[in-house]
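Reading the structure
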Amino acid sequence: MCPVKMAALRVAVLVLCLRCAAAAVPLVIWHGMGDSCCNPQSMGYIKKIVENKIPGIYVLSLKIGNNLIQDMENSFFMNVNDQVREVCSQLAKDPRLKGGYNAMGFSQGGQFLRAVAQRCPSPPMLNLISVGGQHQGVYGFPRCPGESSHICDWIRKTLDLGAYTQAVQEHLAQAEYWHDPLKEEDYRKNSIFLADINQERGINETYKKNLMALKKFVMVKFLNDTMVDPPISEWFGFYKSGQAKETIPLKETLLYTEDRLGLQEMDKAGKLVFLGVKGDHLHFSEEWFYTTILPFLQ
């Protein structure tokens, strides 16, 4: 091949690569309880495999605090509403996100990113992928991640003593999505985070409008989950009110039947995606991630 044609081919390839990079929608990820933004075994790994499969993509792994230790500690002890405000500020200041982004939250990061979608529409969140997020909250911590077990023992005792007291609500993140089906009135009145984003105290039309602007809301439930109680919360279901044995799916909840958050309308429009994966909490294969999750990012 002559030098002129070779040069032209190189230019064409370069232009094609630039177009691919420009077309890649940025991805924002938020880690779960006891984790950090850049753990090479968790969020660092997710960031790496996404970047390998989608050339040119910008992946922002959220860090709350000045370092990884603060980031991990804040996942337990920082008011969730303050965390969401901090993230909204980070996203608004990032010029690479101004055209919109996809979001993927792991465990509690799933419901935290939903709060971002509902409260902070600029820059716009395009698709939300919740991987094991607890959208109706939790009523127990059967098992805790890794080295955080001693912290979780303390959390259990604190929640038992007074999950809905002001001091606990403001300083323990897990209390802010603690949903006691035996104390529904206390939950509605005193939960400073989950009851708000789930429209338990009234309808915030802005929350509803902003969530409905998503193209897709993907919810991943782990079919052998031993950490989340009840696991159906990962699909927006929960315990039937007044007891803690029988669960009901999203479509039987008042949140859906009264369409308080727009989920019924989103469902009818094909925007809600319910995925199940065999395995314990946040346990999935690389192959599953590539074949099932990656298409929502491309």
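Read on for a plain summary of the structure. (Residues numbered from 1 in each chain as written. Predicted model: local features only at pLDDT ≥ 70, side-chain atom pairs only at ≥ 80, totals over all residues. Heavy atoms only, no water.)

1. Observations concerning the overall build of the protein
Along its length, the protein carries 13 helices and eight strands. Expressed as a percentage of its 298 residues, the buried residues of the protein come to 52%. Considering only contacts within the protein whose residues lie at least 6 apart along the sequence, 70% involve residues at least 24 apart. Split by element, the accessible area of the protein, about 13900 Å² in all, is 56% carbon and sulfur. (Helix = DSSP H or I, 4+ residues; strand = E, 2+ residues; numbered from the N terminus. Buried < 20%, exposed > 50% of the residue type's maximum accessible area, 1.4 Å probe, protein only. Contact = heavy atoms within 4.5 Å. Areas by Shrake-Rupley, 256 points an atom, 1.4 Å probe, with all protein chains shown as cover.)

2. Some points on the packing of aromatic side chains
One pass over the structure, following the stated rule, counts twelve aromatic pairs. For the ring pair Y139 and W178, a centre distance of 5.5 Å and an interplane angle of 55 degrees mean the geometry is tilted. Placement of the pair is Y139 in the loop between β4 (125–131) and α6 (149–162) and W178 in the loop between α7 (166–171) and α8 (184–190), with a sequence separation of 39 residues. The class of W178 is buried, set by a relative accessible area of 8%. Ring geometry for F238 and Y239: centres 5.5 Å apart, planes at 70 degrees, overall edge-to-face. Judged by its relative accessible area of 3%, F238 is buried. A relative accessible area of 11% means that Y239 is categorised as buried. By the ring-pair criterion, three or more aromatic residues cluster together here, those being W30, F112, Y177 and F193. (Phe/Tyr/Trp six-rings, centres within 6.5 Å; stacked < 30°, edge-to-face > 60°.)

3. With respect to empty space enclosed by the protein
Counting across every chain of the model gives one cavity of 30 Å³ or more. Empty space within the largest cavity amounts to approximately 50 Å³. Lining the largest cavity, in full, are M33, S107, Q134, V138, F141, Y177, M227, V228 and H281. Across the lining of the largest cavity, the residue classes break down as six nonpolar, three polar and no charged. (1 Å grid on protein atoms, 1.4 Å probe; cavity = no way out; pocket = protein on both sides within 12 Å on 5 of 7 lines; lining within 4 Å. Points joined across faces, edges and corners; volume = space filled by probe spheres on them. Nonpolar A, V, L, I, M, F, W, Y, C, P; charged D, E, K, R; others polar.)

4. Let's talk about the pattern of salt bridges
Considering all chains together, one arrives at eight salt bridges under this definition. A salt bridge links K47 to E51; the shortest N-O distance between them is 2.6 Å. Of the two residues, K47 and E51 both sit in helix α2 (residues 43–53), four residues apart, roughly one turn of that helix. Note on K47: relative accessible area 27%, which makes it partly exposed. Accessibility expressed as a relative area gives 31% for E51, which makes it partly exposed. (Salt bridge = Lys/Arg side-chain N within 4 Å of Asp/Glu carboxyl O.)

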